[in-house]
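The lines below spell out each chain.
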Amino acid sequence: MTDTGSERPAGATTGTQSAVYWFGGDVRWQGGQLPPLTRTLRADVCIVGGGFSGLWAAYWLKRLDPAVEVVLLEREFCGAGASGRNGGWVNGWEDSVGKLVSRFGEQDGTWLLDASVQGTEAMREAVAAGGIDCDLTFNGAVTIALSQAQLDGLRGLPEAAERVGRGDLLRTLSADEAREACGSPRAVGGVLLARAGSVQPALLVQGLRRLAVEAGVKIFEASPMTHLERSLPAVVETPAGSVVADRVVLTCGPWMPTAVHELRRTLFVIPSHVVATAPDASTLDAMGWIHGRPFADGRTAVHYGQRTGDDRLVFGRGGGRLGFAGHIIPAHFHDRAEISAITADLYDAFPASRGLRIEWEWGGPVERTQHGTPWVGTLGRHGNIHYGTGYSGNGVCPTQLIGRTLASVALDLRDDYASSPLVSEPPSYLPPEPVRSVGARAVRAAINRCEEQADQGREADAVSRLVSRGLDFSMPRVKLPRPKGGK
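These notes cover the structure that comes with them. Note that the coordinates shown come from a computational prediction; the quantities given were computed from them, not determined experimentally. (Residues numbered from 1 in each chain as written. Predicted model: local features only at pLDDT ≥ 70, side-chain atom pairs only at ≥ 80, totals over all residues. Heavy atoms only, no water.)

## Things to note about the packing of aromatic side chains
For step 1, the next point in the chain: In total, this model carries 15 aromatic pairs according to the counting rule given.
For step 2, the next point in the chain: Ring centres 5.4 Å apart and planes at 90° place the aromatic pair Y59 and W60 in the edge-to-face group.
For step 3, the next point in the chain: Summarising the aromatic geometry, the rings of F295 and F315 are spaced 6.4 Å apart at their centres and angled 25° between planes, so their arrangement reads as stacked. A residue pair is termed long-range when its members are at least 10 positions apart, and F295 in strand β13 (residues 295-297) and F315 in strand β15 (residues 313-318) qualify at 20 residues. Neither residue differs from the other here; F295 and F315 are each classed as buried.
For step 4, the next point in the chain: Among the aromatic residues, those joined into a cluster by ring pairs are Y21, W22, W360 and W362.
For step 5, the next point in the chain: Over the aromatic face of W60 sits the side chain of R404, whose NZ or CZ is 5.3 Å from the ring centroid. (Phe/Tyr/Trp six-rings, centres within 6.5 Å; stacked < 30°, edge-to-face > 60°. Helix = DSSP H or I, 4+ residues; strand = E, 2+ residues; numbered from the N terminus. Buried < 20%, exposed > 50% of the residue type's maximum accessible area, 1.4 Å probe, protein only. Lys NZ or Arg CZ within 6 Å of the ring centre and 35° of its normal.)

## Here's the deal with the environment of P434
For step 1, the next point in the chain: By the secondary structure assignment, P434 is in the loop between α12 (398-410) and α13 (435-455).
For step 2, the next point in the chain: Sequence separation of P434 and F324 is 110 residues, and the distance between their C-alpha atoms is 7.9 Å.

## Describing the pattern of salt bridges
As a working rule, side chains carrying opposite charge can pair if their charged atoms are close by.
For step 1, the next point in the chain: Summed over the entire model, instances satisfying the criterion amount to 25 salt bridges.
For step 2, the next point in the chain: Here D114 ties to R166 by a salt bridge, and the two come within 2.7 Å at their closest N and O atoms. One end of the pair, D114, is in helix α4 (residues 106-130); the other, R166, is in the loop between α6 (156-163) and β5 (170-173), with 52 residues separating them in the sequence.
For step 3, the next point in the chain: Judged by its relative accessible area of 24%, R166 is partly exposed.
For step 4, the next point in the chain: Across the pair E121 and R124 runs a salt bridge, and its minimum N-O distance is 3.4 Å. Here the residue E121 and the residue R124 both occupy positions in helix α4, the gap between them amounting to three residues, near one helical turn.
For step 5, the next point in the chain: Judged by its relative accessible area of 26%, E121 falls in the partly exposed class.
For step 6, the next point in the chain: Three or more residues joined by partner-sharing salt bridges are found here, namely D26, R28, D133 and D135. (Salt bridge = Lys/Arg side-chain N within 4 Å of Asp/Glu carboxyl O.)

## Observations concerning the sheet that holds β5
For step 1, the next point in the chain: Ordered by their spatial adjacency, eight strands build an open sheet running β5-β6-β4-β13-β14-β15-β12-β16, and the pairing between neighbours is mixed. Either end of the sheet is taken by a strand with one partner, and the two such strands are β5 and β16 (358-368). Across this sheet, the average inter-strand angle for adjacent strands is 20°, counted without regard to direction.
For step 2, the next point in the chain: As judged from the three bridges shared by strand β4 (residues 141-145) and β13, these two strands associate in the parallel manner. Within the sheet, the bridge partner assigned to V142 lies in β13 and is F295. (Pairing = 2+ DSSP bridges. Axes fitted to C-alpha atoms, helices over the stretch in contact; angles between N-to-C directions.)

## Concerning unusual backbone geometry
For step 1, the next point in the chain: Of note, the amide linkage connecting L232 to P233 takes the cis form, showing an omega dihedral of 0°.
For step 2, the next point in the chain: Note that P233 resides in the loop between β9 (227-229) and β10 (234-237).
For step 3, the next point in the chain: With an omega of 5°, the peptide bond between E433 and P434 qualifies as cis.
For step 4, the next point in the chain: The phi angle at A325 is positive, at roughly 55°, despite the residue not being glycine.
For step 5, the next point in the chain: Positive phi is not limited to glycine here, since S392 has a value of about 60°.
For step 6, the next point in the chain: Within the secondary structure, S392 sits in the loop between β18 (385-389) and α12.

Written as structure tokens, this is what we have:
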């Protein structure tokens with residue numbers, strides 16, 4: 001499989017399509033599916049999941065040890081999940097440095113910050129060396145405050161970076177600079193992430209898949225894991241075959257809570273929905289949106305967007321219906337109410353966009369943790385099953401770091417990645433059902449009320465403020481019993 005040249009989509013379509021623009025609207029996406037697994041294979045490492053995490057893990061496994069035998073299994077096609085459905089932001093954790101230092105301490109927090117930012121360079125190098133045509137461009141990224149409350153939440157970010165000697169990563173934007181950068185008359189300030197950028201995510205997946213195959217990774221699509229035997233070696237079963245492997249790496253994204261019983265109370269699954277407009281370079285020029293400089297606002301249920309390579313505006317928002325006990329439901333992939341709300345938010349925040357016709361609309365599930373940071377863990381008494389999860393909506397670049405970490409752990413290396421503070425047991429646990437779902441819905445509703453009131457310039461009511469703090473509530477670490485018949 002090879003990437004094509006620099007062609008662009010033909011242009012506007014008729015009506016609105018309920019499909020992912022990255023797949024359906026870009027002629028560079030080839031869409032060919034690799035054959036499923038239909039036999040038993042032996043491997044050193046079996047990766048389950050063909051999104052960014054799994055493909056980066058495969059990439060680094062072959063970089064670190066070209067002789068290692070790697071098999072990758074994907075339930076649909078590589079990138080079918082969150083990796084091919086997101087908004088295409090590419091940034092490290094420069095806007096989370098305060099949380100990293102608070103949670104891990106200054107030394108480890110700063111190491112994680114540096115490793116995440118270095119991940120953007122590793123991505124740039126892989127794309128350039130592999131000839132991947134995916135519109136990867138770095139012109140900074142802007143997080144814009146559309147209310148005073150959002151501005152208050154952003155004020156401390158540059159100062160936190162400055163305190164650990166990384167002040168060059170973030171710059172405060174005045175109200176005039178923020179309006180010029182995004183075209184919203186509501187902008188009251190913001191922050192520029194100097195080293196960030198954007199990408200066409202599905203084309204990045206496509207390119208990484210090609211690099212993995214060229215490196216000797218055996219990839220099988222339409223091959224979901226149906227059972228995991230936690231033996232030594234481990235056995236991963238699919239509907240028509242199996243892989244016997246010394247090590248297993250699980251990178252199942254939002255399917256992780258239902259695939260691994262130990263993780264069912266460590267993650268909850270939320271949808272994120274996106275729209276893409278018809279191409280209109282002149283309107284986006286007037287709004288101040290440039291290629292390689294994505295947008296986000298300061299809400300908890302963040303709005304995000306970018307200007308695509310063919311001059312469309314892609315705009316999305318996290319939030320929507322929750323599945324019971326972490327289950328993925330149809331509304332995670334398309335929810336008419338969410339799409340309508342996102343379109344209204346776009347036209348409200350950016351009046352100049354009202355002339356842009358919506359041509360594509362889609363959604364997808366995202367795994368979320370309370371602390372917002374992914375981690376790498378190990379399962380089973382033999383210590384030969386590893387996983388990475390918990391991106392919480394920021395995974396395009398951090399998956400590179402997690403993939404690198406998983407490769408070091410799977411190869412039993414003694415390097416900085418294998419000893420990273422991200423390598424741990426689950427940091428926290430959610431309440432059992434039905435408390436989890438009821439509580440999550442109450443917290444989400446409270447957060448929405450707080451942010452709607454803030455958008456109107458009013459202080460949030462006391463009850464909503466109190467309930468919204470439940471986002472940070474977690475149970476003590478517990479050893480969960482294995483359910484009968486569970487994987």
